[in-house]
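Chain residues, written in single-letter form:
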Amino acid sequence: MINSNAMRYALLAIDQGTTSTRAILFSEKGEPFFIRQKELVLQYPQKGWVEQDPETIWQDTLWVCQNVLKDTQHYAITIAGIGITNQRETTLIWDRTTGKTLYNAIVWQDRRTVEACSKLINAGYSKTIAEKTGLLIDPYFSATKIAWILDHVPGARVRAQNGDLAFGTVDTFLLWRLTGGKVHATDVTNASRTLLYNITTNQWDDELLALFDIPSAILPEVKANVADYGQTTPNLFGVSYTIGGMAGDQHAALIGQSCFEPGMIKATYGTGCFALMNIGTDFVISKNKLLTTVGYRIGNETHYALEGSIFTAGAVIQWLRDNLGLLVDAKQSESIARSVSDSNEVYFVPAFTGLGAPYWKPFARAAITGLSRESHKAHIVRAALEAQGYQSRDLIEAMMTDSGIRNMDSSNGVLRVDGGMVVNAFVCQFIADMINQTVEIPAVSESTAWGAAVLAGLQSNVYENLSEISSNWTCSHRYKPSMDAIERDALYAGWKNAVLSVVR
Ligand code: ADP
């Protein structure tokens, strides 16, 4: 029950993700008072194509917001502002006059533009693009998706050149609809995932626009993460609210985890794992296949981040459950892993969809190595959980090497984690042991949505500055490393060998 007397302000976060759309009303301290959620369906019209219905994204957003607001009806709550966070890179184009989209949302996972990307790679553009955007040339990012829509919807290219069309990632699309078509803007983190935005000059880049053949008339204005994004149109929620913050999902989680100092890392362990390291105000290009991206821009200060992903994290547990039938549910993995004292030299390299940084072997496939006659189910389950620690160490070492920030080597290194997998204490302890640093779980488990709320709170002066936010950040659980160096290094050397067997 809410004690509304104790609450001065509340903040509404819209979290539009790949598989669900949520609205969460947070107190200024981060307690999630009301949550509404709608599952979102992915469509696969052809092999490698992944789409979503834009009207469903919009109607779901409206529904979750309206229902959270209805929930607050009997309480004296002042909503200070709205923050938006979203699945990144997913691409939409609509008509500026009617607001109607030209095509479905092309989701980040969509691979239809592989050939267009290969052409640019073969033509030698990788270096220029990395230097301007921090990214690799890949269908994942928005640019080739935009060009695909312009080339495949009859008349679209001419309409785009005439200024009749608007492009947006999901943040921009929702903002447009929420403001009744008044505001066409994105934030710098979402812009930095399009392959069109130069993150060193902080501008859309004419050379990149020419390269991807995209007219500039289609682009949104780019704003800092804390900014006046406009007002919701009154007919949606009865009154108007200020939209005061926006950020892509991983960036919002970096903010929600209060990773405001260079060297701080957040990692979200869900189906896959996404890690971002704040590297401060200087841009560096990765030598280990990490991406460089804008972490956030608040005021005039831009903090960059290195981003790496582990393609398969929690998905390996689903595989053990669904494909091998070794588990009844994900939770059981922990007791089974603890039933043995070690993995008996069994390693599980869960490269079902390739290996990410620092290996970058998209065509590698998974392996279980070191099996002997004594190996049994518990060793395999344990090895699958331990793989989370090994993969984390791979990623974090790459981040430290690229950034030159080696605080994970010293006693100040801390990894802040969230996502569905962190309820598993065995996994968290093993990650702490493998990276030899403390692993922290936040009291506010919804880091991504909380990050969006925080941004809106900064814009509406609920918070004065980032220090106030980070001093409010509280830890619900802390895992301290407890493995000795000899054992740690021996286990990790075994992992490196196992990886060699799949990347050869
Ligand atoms: P996503 O946002 O990617 O859908 P979630 O953050 O909801 O993912 O996390 C779901 C993942 O976490 C699943 O892959 C599941 O296997 C894993 N998971 C959930 N509970 C546990 C557990 N107790 N131990 C290990 N893995 C778990």
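Residues numbered from 1 in each chain as written. Predicted model: local features only at pLDDT ≥ 70, side-chain atom pairs only at ≥ 80, totals over all residues. Heavy atoms only, no water.

Draft legend 1. View of the nonpolar core. Among the nonpolar cores identified, the biggest contains 89 residues, and I93, L196, I218, Y269, L320, L415 and V439 are the most heavily contacted of them. With 11 residues, the single largest contributor to this core is helix α13 (residues 377-403). Mapping this core onto the domain boundaries places at least three of its residues in each of domain 1 (4-223) and domain 2 (255-504). In this structure, I218 is in contact with I93, R96, I146, L150, A160, L165, A166, F167 and H184, ignoring residues within four places of it in sequence. Counting 37 residues, the second-largest nonpolar core is a separate cluster that includes L12, I82, V183 and A185. (Core = buried A, V, L, I, M, F, W, Y, C linked by side-chain atoms within 4.5 Å. Buried < 20%, exposed > 50% of the residue type's maximum accessible area, 1.4 Å probe, protein only. Helix = DSSP H or I, 4+ residues; strand = E, 2+ residues; numbered from the N terminus. Domains from an automatic or database assignment. Contact = heavy atoms within 4.5 Å.)

Draft legend 2. Just the environment of L306, in detail. With respect to the element layout, L306 can be found in strand β17 (residues 301-310). Sequence separation between L306 and M277 is 29 residues, and the spatial gap between their C-alpha atoms is 5.2 Å. Residues within four places of L306 in sequence aside, it is in contact with A275, L276, M277, I279, V284, S286, L290, L291, T292, M399, D402 and S403.

Draft legend 3. Broad picture of the site of the ligand. Around the ligand lies a shell of 14 residues, among which T271, G314, Q318, G420 and N424 are the nearest. For the shell around the ligand, the element with the highest residue contribution is helix α11 (residues 315-322), accounting for 3 residues. Broken down by class, the residue content of the shell around the ligand amounts to 5 nonpolar, 8 polar and 1 charged. (Near = heavy atom within 4 Å. Nonpolar A, V, L, I, M, F, W, Y, C, P; charged D, E, K, R; others polar.)

Draft legend 4. Geometry of the sheet that holds strand β2 (residues 20-27). A sheet is described by the order of its strands in space; here 5 strands give the open sequence β3-β2-β1-β5-β13, paired in mixed fashion. Taken across any chain shown, the strands that pair with only one partner, and hence form the sheet edges, are β3 (32-39) and β13 (243-248). Geometrically, the sheet is characterised by an average inter-axis angle of 15 degrees between neighbouring strands, direction not taken into account. When strand β5 (residues 79-86) meets β13, the two strands line up parallel, connected through 5 bridges. Bridge pairing in β13 links I82 to I243. Lying on the sheet, helix α6 (residues 170-178) is in contact with β1 (10-16), β5 and β13; it crosses β5 at an angle near 140 degrees. Of the strands in this sheet, β5 and β13 touch helix α10 (residues 249-256), which is tilted by about 110 degrees from β13. (Pairing = 2+ DSSP bridges. Axes fitted to C-alpha atoms, helices over the stretch in contact; angles between N-to-C directions.)

Draft legend 5. Summary view of the sheet that holds strand β14 (residues 265-269). Read across the sheet, 7 strands follow the order β16-β17-β15-β14-β20-β21-β22 without closing on themselves; strand pairing throughout is mixed. The two strands at the open ends of the sheet, each matched to only one other strand, are β16 (291-298) and β22 (475-479). Pairs of neighbouring strands in the sheet enclose a mean axial angle of 30 degrees, with direction left out of account. Strand contacts of α10: β14, β15 (273-280), β16 and β17, with the helix running at about 55 degrees to β16, the strand carrying the most contacts.

Draft legend 6. Examining unusual backbone geometry more closely. Cis geometry marks the peptide bond from A357 to P358; its omega dihedral reads 0 degrees. By the secondary structure assignment, P358 is in the loop between β18 (347-349) and β19 (367-369). The phi torsion at E89 lies on the positive side, around 70 degrees, for a residue other than glycine. Residue placement: E89 occurs in the loop between β5 and β6 (92-95). Judged by its relative accessible area of 1%, E89 is buried.

Draft legend 7. Region of interest: the domain arrangement of the protein chain. Split by domain assignment, the protein chain resolves into domain 1 (4-223) and domain 2 (255-504). Taken over C-alpha atoms, the centre of domain 1 sits 26 Å from the centre of domain 2. At the junction of the two partners, domain 1 supplies 35 residues and domain 2 supplies 26 residues. Summed over both sides, the interface between domain 1 and domain 2 buries roughly 2500 Å², with carbon and sulfur atoms accounting for 65% of that surface. Together, L11, L136 and I199 form the three largest contributors to the area buried by domain 1 at its contact with domain 2, with a combined 20%. Taken together, the links from domain 1 to domain 2 amount to 3 salt bridges. (Buried area = accessible area lost by both parts, 1.4 Å probe. Salt bridge = Lys/Arg side-chain N within 4 Å of Asp/Glu carboxyl O.)

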